[in-house]
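Residue strings, one per chain:
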Amino acid sequence: MTGNRLAEGFWVLVLASLIASGLNLAGNFVGEGFASPQPEASAEGPTLVHAPDSALVLRDTLPIVKPDTQVADPLARFRAACMRTREGNDQVRIAYFGDSMIEGDLLTETLRSLLQNKLGGTGVGFVPIVSQTYGFRRTVYHRFSEGWNTIQALQPRTVPHAFGISGEYFLATRAHAPGAVWVMYKGVSAQPQTQQFEEAYLTYGRLPEGKSDSARIIVTTDAGQDTLSLAGNQVINRIRLIRKATRQLKVAFDIPDQLPVYGVSFESPAGVQVDNFPARGATGLQLVRLPGAALERYQQYHGYDLVILHYGLNLVSADRDSYDNYARSLEQIIQHLRNHMPGADILVVSVSDKASRIKGVLQTDPSVPRIVAAQQQAAQLMGCGFLNLYEQMGGEGTIIKWASEKPTLARSDYAHPNRAGAAVLGELVYTYLQGNDSLVVPPLP
């Protein structure tokens, strides 16, 4: 316990000093990821590893601006964007942040498909350069070469580049010849909206000094091959990759080894876009480490109307009686996103059911309702939308039932839904956004 407090206090002091000096929070945390493709994930999904958050509680590091009055409709701007999309030719965009619950586009693939079926739109949104679940995701075919170094925000180390909106960046390692480091995406037939790419954009970071004339990419599509130069001195830059719809896209890189690249966004000029941003083992606290300037650039490019925060699974602990500190940290996460993603409403989706064996009895972990209460407290205090997913899926004992019934809806870890269960959860989020509880989306035909 003493060690945890010391570690926690250390990070609080570090984060507070960074804010006081005007530095980006995100620039001080890094994790080395894999640099080459990994074995295919199993049919049920990847092996899941959860990290404790004892050293990540932020406490009083960001000023909290609470609403002056109770918010009648916390997602009114998102509702208005949906109305404009229905009536005109506008785009509505959702950033869905979560932990392993949404890895491989689980849950979000259902939510995206339902919304696009009703409001239009094609594309799967943002896809990173490298992914641990590339062989598991069904909504896009994704492969990449060796020669990528993955830098993540989940582990604390000083880094020279800004993390992107997905909480990571990728560097092409020096040992590979120009063009030998690449990423490939193909449309898939899982859904009508995923069969081809209507528009595609690459985001990348600031070019190293003196290297502005030495960065280029070779883009191969159904229409042939183009060589494009990369330019821009912003923290986040963007370039359009295709001139017309294509079913496949390959990008080969001839870039300096210190140029961070982030991912490719597949979208359409109108309709609904849902970006999937999972972080295995995360509690959501890593989001305050994303630089404000980077979030602002992504907001300029993507124009998010709604940000969804779906965490909590990695906080479950039967021995933990209070989540008050977590509630305060969640308020700071919300404040950080609100500060740097203006125009976006925020929805907090609670933790789902998780079971533990306590004194030999398999049961819903007693910490689950405590986490739900902390999440609801933070959401209401900050004037955000709140979806009690634990309650909506059935409440106590549901995950045990899901794992034992035929066909099963959950995995044998009694924590994660399988693909069928994730679809059920995606439908619950969609139902909420249609109007359940806060009338977020106008009635759809």
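Calculation criteria
- Residues numbered from 1 in each chain as written.
- Predicted model: local features only at pLDDT ≥ 70, side-chain atom pairs only at ≥ 80, totals over all residues.
- Heavy atoms only, no water.
- Pairing = 2+ DSSP bridges.
- Helix = DSSP H or I, 4+ residues; strand = E, 2+ residues; numbered from the N terminus.
- Axes fitted to C-alpha atoms, helices over the stretch in contact; angles between N-to-C directions.
- Contact = heavy atoms within 4.5 Å.
- Salt bridge = Lys/Arg side-chain N within 4 Å of Asp/Glu carboxyl O.
- Buried < 20%, exposed > 50% of the residue type's maximum accessible area, 1.4 Å probe, protein only.
- Core = buried A, V, L, I, M, F, W, Y, C linked by side-chain atoms within 4.5 Å.
- Parallel < 35°, antiparallel > 145°, perpendicular 65-115°, else oblique.
- Left-handed = near helix turned anticlockwise from the far one by under 90°.
- Polar contact = N/O pair within 3.5 Å; in protein donor to acceptor, adjacent residues only side chain to side chain.
- pLDDT = per-residue confidence, 0-100.

A short note on the sheet that holds strand 15 (residues 345-349)
Taken in spatial order, the 5 strands line up as 13-1-14-15-18 in an open sheet, and their pairing is parallel. With one partner strand each, in any of the chains shown, strand 13 (271-278) and strand 18 (385-387) form the two edges of the open sheet. The average angle at which neighbouring strand axes cross in this sheet is 20°, direction not considered. Pairing between strand 15 and strand 18: 3 bridges, direction parallel. When the bridges of strand 18 are listed, Val 348 appears paired with Phe 386. Against the sheet, helix 2 (residues 76-87) engages strand 1 (91-98), strand 13, strand 14 (306-310) and strand 15, with an angle of about 135° to strand 1.

Here's the deal with the sheet that holds strand 6 (residues 181-186)
Pairing is antiparallel in the open sheet, where 5 strands are placed in the order 3-6-11-8-9. Each edge of the sheet is formed by a strand with only one pairing partner; in this case those strands are strand 3 (141-144) and strand 9 (224-229). Adjacent strand axes in the sheet meet at a mean angle of 15° when their direction is disregarded. Note: strand 8 (residues 216-221) against strand 9, 6 bridges, orientation antiparallel. Across the sheet, residue Thr 221 finds its bridge partner in strand 9, namely Gly 224.

Thoughts on the pattern of salt bridges
Under the defined criterion, the tally for this structure stands at 14 salt bridges. Between Arg 93 and Glu 267 there is a salt bridge, with the nearest N and O atoms lying 2.9 Å from each other. On the criterion of sequence distance, the pair formed by Arg 93 in strand 1 and Glu 267 in strand 12 (residues 261-267) is long-range, its members being 174 residues apart. For Arg 93, a relative accessible area of 0% puts it in the buried group. What makes Glu 267 buried here is its relative accessible area of 5%. Where Arg 240 meets Glu 199, a salt bridge forms, and the shortest distance between an N and an O atom there is 3.8 Å.

Digging into the nonpolar core
Burial of nonpolar side chains together is a common tendency in soluble globular proteins. Residues Phe 97, Val 307, Leu 309, Leu 337, Leu 347 and Leu 433 are the most contacted members of the largest nonpolar core, which totals 88 residues. When near neighbours in sequence (up to four residues on either side) are disregarded, Leu 309 contacts Phe 97, Leu 287, Leu 330, Ile 333, Ile 334, Leu 337, Ile 346, Leu 347, Val 348 and Val 349. Of all hydrophobic cores here, the second largest spans 33 residues; its members include Ile 129, Phe 144, Leu 202 and Leu 249.

Focus on the packing of helix 3 (residues 108-119) against helix 9 (residues 419-434)
Contact pair helix 3 / helix 9: the axes reach a minimum separation of 7 Å and the direction vectors enclose 45°. Looking at the two axes, helix 3 sits oblique to helix 9. As helix 3 packs across helix 9, the resulting crossing turns out to be right-handed. Note on element contacts: helix 9 touches helix 3 through Arg 419, Ala 423, Gly 426, Glu 427, Val 429, Tyr 430 and Leu 433, opposite Glu 109, Thr 110, Leu 111, Leu 114, Leu 115 and Lys 118.

Observations regarding the environment of Ser 322
Inspection of the secondary structure puts Ser 322 in the loop between strand 14 and helix 5 (324-340). The spacing of Ser 322 and Arg 370 is 48 residues in sequence and 7.2 Å in space, taken between C-alpha atoms. In terms of polar contacts, Ser 322 uses its side chain to reach the backbone amide nitrogen of Asp 324, at 3.3 Å.

Focus: the confidence of the model for the protein
The predicted model of the protein has a mean per-residue pLDDT of 85, with 83% of residues at 70 or higher. Predicted confidence for residues 436-445 stays below pLDDT 50, and this span has 32 contacts to residues more than four positions away or in other chains.

Points about the pairing of strand 3
Only one face of strand 3 is covered, namely the face carrying His 142 and Phe 144; the face carrying Tyr 141 and Arg 143 is uncovered. Bridge analysis of strand 3 against strand 6 gives 4 bridges, and the strand direction is antiparallel. Within the sheet, the bridge partner assigned to Arg 143 lies in strand 6 and is Met 184.

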